[in-house]
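Residue-level structural notes
So you can see what is in the structure, the chains are spelled out below.
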Amino acid sequence: MSYYICSNCDYGSASLIGKCPSCNQWNTFVNKERFNSEDGKEETKKILLTPLSKIKTQQKKKKKTGSFEFDRVLDDGILPGEVILLTGEPGVGKSTLLLQSFQTFSTVYISGEESAEQVRDRAERLHIDLNRFYFSNEGQVEGIIEAFKQLKTKPEVIIIDSIQTVYSKTIETPAGSINQIKESANILIKFAKQEQIAVVLIGHITKDGDIAGPKTLEHAVDCVLNFEGEKISQYRILRTTKNRFGGIDEIGIFQMKQNGLEEVNNPLIFIQEENEISIGKSIVGTTEGNRSLFFEIQALVVPSSLGIPRRIVKGVDYNKLLILLAVMKKHLSLPLDSYDVHINVIGGVKITSPLADLGIISSVYSSFKNIPIAKKTTFIGEVGLLGEIRKGYGEEKIIREAKRLSFRHIYSSINIKNINLIKNIIRPL
Ligand code: TYD
Ligand code: MG
């Protein structure tokens, strides 16, 4: 029996089809006569089960990079043989981040994204020691590995910028196809483990959902980092969603300047200058790992002209907003079903901490009632389905920080138990 597979993404089908239902590519199916064939069948393996305690381990030591913020996210640096996937939208600053952060390592830098001159110009602008970097534009992974082996002193890191531009000679589809991304990454991961050198793979992801490529690698790598922020804003947040060798709580904050990324330590960095407009604006205090951060949340609530009201959300989770609106509908008796709600977090960043709940509710309430929130106010609190304000992780710490930063009105689970009381806080003068 014949069997067809898509040469782009390995989707299998019993009949020959024109357009792959999985990756939407045309004419990618090839005949694989392997179905029901006896040849490929494997013998039963003899497997030896070993007590975990008998398995030898190597005491490996993490090495710090040149960037405090980067190390904070990695939980103290990089291990030999560690494979990191760094994702982010084009132009967010991934190449800049890696060039700057790996200044203390000797590095092989492979870039299919930019020309050699461009890379050198940038490295010079960033005042990086050029002698620590070996460079190539060539994207064949077998060739890259061979070239690495030829070097007399072994570099500690290979940076692949990006995984979408490299390819393996064993796969027929072009660089960037899912098969190529998977196979090239597999070869590089195997090499990293064998030689005990760190490998960093850059993966572009775009807003309109083209994340299929790099996403498929998440299970295979040791650590997944995401660099977020908007090109128009200077601020960038580095987050980790997976780390086999450390925690995933910490975030790193950077500011894109003329001469590269600068590390940021100011908890008020995302707060805009005080301006006069304060209807619909609230300041929330949250913690991310060990650090306290304040964000500005803006809400705009207007009568809806559509049958189904719109909820347009940037910077907080969409479903989280729906839940908070439902809680407001029930416990504050607001007719939000006939209003559009727009939410935006200033700075192009995402808030993941539930401590922002109370602030989201406050800005929606403020906009709905057309009542400004007093200056120097901050909200710190997780909101439950019953309308109760709960003490969230890190609350005490962020309250101390808010006091230190001279916020005059600090609302948290300590002084507001239920969202009903919002009426007393945000009220006409
Ligand atoms: P880049 O690192 O090339 O982004 P990515 O690799 O994620 O595509 O950075 C791109 C943007 O950063 C580019 O628009 C210019 C800006 N930039 C600065 O503002 N200052 C700098 O020093 C550098 C190197 C880049
Ligand atoms: Mg780049």
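Residues numbered from 1 in each chain as written. Chains lettered and ligands numbered in written order. Predicted model: local features only at pLDDT ≥ 70, side-chain atom pairs only at ≥ 80, totals over all residues. Heavy atoms only, no water.

Some points on the site of ligand 1
Taken together, 16 residues form the shell around ligand 1, and within it Gly91, Ser95, Thr96, Lys257 and Gly260 come nearest. For ligand 1, an oxygen atom lies 3.0 Å from a polar atom in the backbone of Gly93. Interatomic distance of 3.3 Å between a side-chain N/O atom of Arg125 and an oxygen atom of ligand 1. Listing elements by their share of the shell around ligand 1, those giving two or more residues are helix H2 (94–101), helix H3 (116–125) and strand E11 (252–257). When residues of the shell around ligand 1 are assigned to their parent elements, the largest contribution, three residues, is made by H2. In terms of residue class, the shell around ligand 1 is made up of four nonpolar, seven polar and five charged. (Near = heavy atom within 4 Å. Polar contact = N/O pair within 3.5 Å; in protein donor to acceptor, adjacent residues only side chain to side chain. Helix = DSSP H or I, 4+ residues; strand = E, 2+ residues; numbered from the N terminus. Nonpolar A, V, L, I, M, F, W, Y, C, P; charged D, E, K, R; others polar.)

Description of the sheet that holds strand E6 (residues 133–136)
Read from one edge to the other, the open sheet built from nine strands follows the order E6-E5-E7-E8-E4-E9-E10-E11-E12, with strand pairing classed as mixed. The open sheet has two edge strands with one neighbour each: E6 and strand E12 (260–263). If you compare each strand with its neighbour and ignore which way they point, the axes differ by 25 degrees on average. For strand E4 (residues 83–88) and strand E9 (residues 223–228), the ladder comprises five bridges, and the chain directions are parallel. The residue bridging Leu86 from the neighbouring strand is Leu225, located in E9. (Pairing = 2+ DSSP bridges. Axes fitted to C-alpha atoms, helices over the stretch in contact; angles between N-to-C directions.)

Description of the nonpolar core
Core analysis: the largest hydrophobic core is formed by 44 residues, its most contacted members being Phe270, Met328, Ile343 and Val364. Counting residues per element, the ones that place at least two in this core are strand E10 (235–243), strand E14 (291–303), helix H7 (318–331), strand E16 (339–345) and helix H8 (357–369). Ranked by the residues each element gives to this core, the list is headed by H8, at six residues. Shared between two domains, this core holds at least three residues of each, these being domain 2 (68–263) and domain 3 (281–425). Discounting chain neighbours no more than four positions away, the residues touching Val364 are Ala299, Val301, Leu325, Met328, Leu336, Val341 and Ile343. Counting 29 residues, the second largest nonpolar core, distinct from the first, contains Ile84, Tyr109, Val119 and Ile128. (Core = buried A, V, L, I, M, F, W, Y, C linked by side-chain atoms within 4.5 Å. Buried < 20%, exposed > 50% of the residue type's maximum accessible area, 1.4 Å probe, protein only. Domains from an automatic or database assignment. Contact = heavy atoms within 4.5 Å.)

Re H2
Counting along an α-helix, one turn takes 3.6 residues, and residues three or four places apart therefore face a common direction. Of all the eight residues making up H2, eight are buried; the element is thus mostly covered by neighbouring parts of the structure. Among the residues making up H2, those that are buried are Lys94, Ser95, Thr96, Leu97, Leu98, Leu99, Gln100 and Ser101.

Let's talk about the packing of aromatic side chains
Overall, the coordinates contain 10 aromatic pairs when judged by the stated rule. Taking 5.0 Å as the distance between ring centres and 25 degrees as the angle between the ring planes, the aromatic pair formed by Phe294 and Phe407 counts as stacked. In this pair, Phe294 sits in strand E14 while Phe407 sits in the loop between helix H9 (395–404) and strand E20 (409–412), placing the two residues 113 residues apart along the sequence. Among the residues examined, Phe407 registers a relative accessible area of 13% and is labelled buried. Plain terms: the ring middles of Tyr339 and Phe368 are 4.9 Å apart, the flat faces sit at 65 degrees to each other, and that makes the pair edge-to-face. Taken as a pair, Tyr339 in strand E16 and Phe368 in helix H8 lie far apart in primary sequence, 29 residues in all. Overall, Tyr339 belongs to the partly exposed group, its relative accessible area being 22%. By the ring-pair criterion, three or more aromatic residues cluster together here, those being Phe70, Phe102 and Phe105. Its end group placed over the ring of Phe105, Lys63 keeps NZ or CZ at 4.5 Å from the ring centre. Taking NZ or CZ as reference, Lys376 lies 5.7 Å from the ring centre of Phe407, over its face. (Phe/Tyr/Trp six-rings, centres within 6.5 Å; stacked < 30°, edge-to-face > 60°. Lys NZ or Arg CZ within 6 Å of the ring centre and 35° of its normal.)

Section: the packing of helix H4 (residues 141–150) against helix H5 (residues 178–195)
Contact geometry for H4 and H5: axes closest at 10 Å, N-to-C directions at 20 degrees. Relative to H5, the element H4 lies roughly parallel. Handedness of the H4/H5 crossing: right-handed. Of H5, the residues touching H4 (which contributes Val141, Glu142, Ile145, Phe148 and Lys149) are Ser184, Ile187, Leu188 and Phe191. Looking at the contact of H4 with H5 residue by residue, the classes come out as six nonpolar, one polar and two charged. (Parallel < 35°, antiparallel > 145°, perpendicular 65-115°, else oblique. Left-handed = near helix turned anticlockwise from the far one by under 90°.)

Here's the deal with the pairing of E6
Summarising the sheet, strand E5 (residues 107–111) and E6 pair through four bridges and their orientation is parallel. Residue pairing in the sheet places Ile110 in a bridge with Ser136 of E6. Handedness of the crossover is the feature at issue here: the chain leaves E5, passes through H3, returns alongside E6, and the resulting connection is right-handed. (Right-handed = clockwise from strand over helix to strand, strands pointing away.)

A closer look at the pattern of salt bridges
Following the criterion strictly, the structure yields 21 salt bridges and no others. Arg390 is paired through a salt bridge with Glu388; the nearest N and O atoms lie 3.2 Å apart. Through salt bridges with shared partners, a single ionic network connects Glu69, Arg72, Glu250 and Arg291. (Salt bridge = Lys/Arg side-chain N within 4 Å of Asp/Glu carboxyl O.)

Notes on the side chain of Thr378
Examined against the element boundaries, Thr378 turns out to sit in strand E17 (residues 377–380). Residue Thr378 is classed as buried on the basis of its relative accessible area, which comes to 0%. Side-chain polar atoms of Thr378 contact the backbone oxygen of Ile283, separated by 3.2 Å.

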